[in-house]
Amino acid sequence: MSHKMASLILASSLTILLGYYLPIPIDQHNDNTFKSISILDDPQLLQALRDMQSRGILMGIHGYKHEDFSAITPLQARNAVNDANQIFLKAGLSASAFLDPYLSLDRASNSVMDAINSTGVAMDLS
């Protein structure tokens, strides 16, 4: 195999791996470093969401700080979903479902899934 081909394969592999795995720690670092904001802090976004929901658009919540639900405890999962739902309620919106931001529920434990289910928020839009 030529050096150019090996370099291309290595560069492509690194790009794919970093692009898939890097957003989670970056989001968590940003949440820990900077003040967390929510839809309540952006009046234009909040009004747009209210307008869309009044037109019948279903909306889902996806955690409070973009948690990786495969790496947290059941209590943390329940609190994250409840916190996100409380923001929606304060905003005058209703969440139709909980949608995982990183698709990590496929790797989450059954106890985390049970904790999310215990919040009363549906796990999908179907």
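Cut-offs and rules
Residues numbered from 1 in each chain as written. Predicted model: local features only at pLDDT ≥ 70, side-chain atom pairs only at ≥ 80, totals over all residues. Heavy atoms only, no water. Helix = DSSP H or I, 4+ residues; strand = E, 2+ residues; numbered from the N terminus. Contact = heavy atoms within 4.5 Å. Patch = residues over 30% accessible without salt bridge, like charges linked within 9 Å, V, L, I, M, F, W, Y side chains within 5 Å. Areas by Shrake-Rupley, 256 points an atom, 1.4 Å probe, with all protein chains shown as cover. Salt bridge = Lys/Arg side-chain N within 4 Å of Asp/Glu carboxyl O. pLDDT = per-residue confidence, 0-100. Core = buried A, V, L, I, M, F, W, Y, C linked by side-chain atoms within 4.5 Å. Buried < 20%, exposed > 50% of the residue type's maximum accessible area, 1.4 Å probe, protein only. Axes fitted to C-alpha atoms, helices over the stretch in contact; angles between N-to-C directions. Parallel < 35°, antiparallel > 145°, perpendicular 65-115°, else oblique. Left-handed = near helix turned anticlockwise from the far one by under 90°. Nonpolar A, V, L, I, M, F, W, Y, C, P; charged D, E, K, R; others polar.

J.: Help me understand the environment of Ala 115 in this model?
T.: Positionally, Ala 115 belongs in helix H5 (residues 110–117). On a C-alpha basis, the gap between Ala 115 and Ile 26 in space is 26 Å, while along the polypeptide they are 89 residues apart. Contacts of Ala 115, omitting those with residues within four sequence positions, involve Pro 74 and Arg 78.

J.: Quick question: what am I supposed to make of a nonpolar patch on the surface here?
T.: A cluster of nonpolar residues, Leu 10, Leu 14, Leu 18, Leu 22 and Ile 26, forms a patch on the protein surface that exposes about 450 Å² of accessible area. Ranked by residues supplied to the nonpolar patch, first place goes to helix H1 (residues 3–21) with 3 residues. Here Leu 22 shows up in the loop between H1 and helix H2 (23–33).

J.: I would appreciate a short explanation of the confidence of the model for the protein chain in the present structure.
T.: Low pLDDT means the predicted atomic positions in that stretch should not be read closely. Scored by pLDDT, the protein chain comes out at a mean of 85, with 95% of its residues at no less than 70. Of all the helices and strands in the protein chain, H2 carries the lowest mean pLDDT, 72, while helix H3 (residues 43–54) carries the highest, 94.

J.: What's the story with the side chain of Asp 68 in this structure? I'm lost.
T.: Topologically, Asp 68 is positioned in the loop between strand E1 (60–61) and helix H4 (74–90). Once you skip the residues sitting within four places of it in the chain, Asp 68 turns out to touch Ile 24, Gln 28, Tyr 102, Ser 104 and Arg 107.

J.: I would appreciate a short explanation of the nonpolar core in the present structure.
T.: Burial of nonpolar side chains together is a common tendency in soluble globular proteins. Core analysis: the largest hydrophobic core is formed by 20 residues, its most contacted members being Ile 39, Ile 61, Phe 69, Val 81, Leu 93, Phe 98 and Ile 116. For this core, the elements supplying multiple residues, two or more each, are H3, H4 and H5. Looking at which element gives the most residues to this core, the answer is H4, with 6 residues. Here Val 81 is in contact with Ile 61, Phe 69, Phe 98, Ile 116, Thr 119 and Val 121, once residues within four sequence places are set aside.

J.: Please explain the pattern of salt bridges as it appears in this structure.
T.: Any two side chains of opposite charge can pair if their charged atoms end up close together. Tallying each qualifying case throughout the model produces 1 salt bridge. One salt bridge connects Arg 107 with Asp 68, and the closest N-O pair in it is separated by 3.9 Å. Of this pair, Arg 107 sits in the loop between strand E2 (97–98) and H5 while Asp 68 sits in the loop between E1 and H4, placing them 39 residues apart in sequence. Exposure remark for Arg 107: the relative accessible area of 47% places this residue in the partly exposed category.

J.: Got a minute to help me understand the packing of H4 against H5 in this structure?
T.: Any two packed helices are characterised by the angle at which their axes cross and by the distance between the axes. Where H4 contacts H5, the two axes come as close as 8 Å, and the packing angle between them is 30 degrees. It follows that H4 is roughly parallel to H5 by the angle criterion. The hand of the H4/H5 crossing is right-handed. Note on element contacts: H5 touches H4 through Ser 111, Val 112, Ala 115 and Ile 116, opposite Pro 74, Ala 77, Arg 78 and Val 81. Among the residues forming the contact of H4 with H5, the class breakdown is 6 nonpolar, 1 polar and 1 charged.

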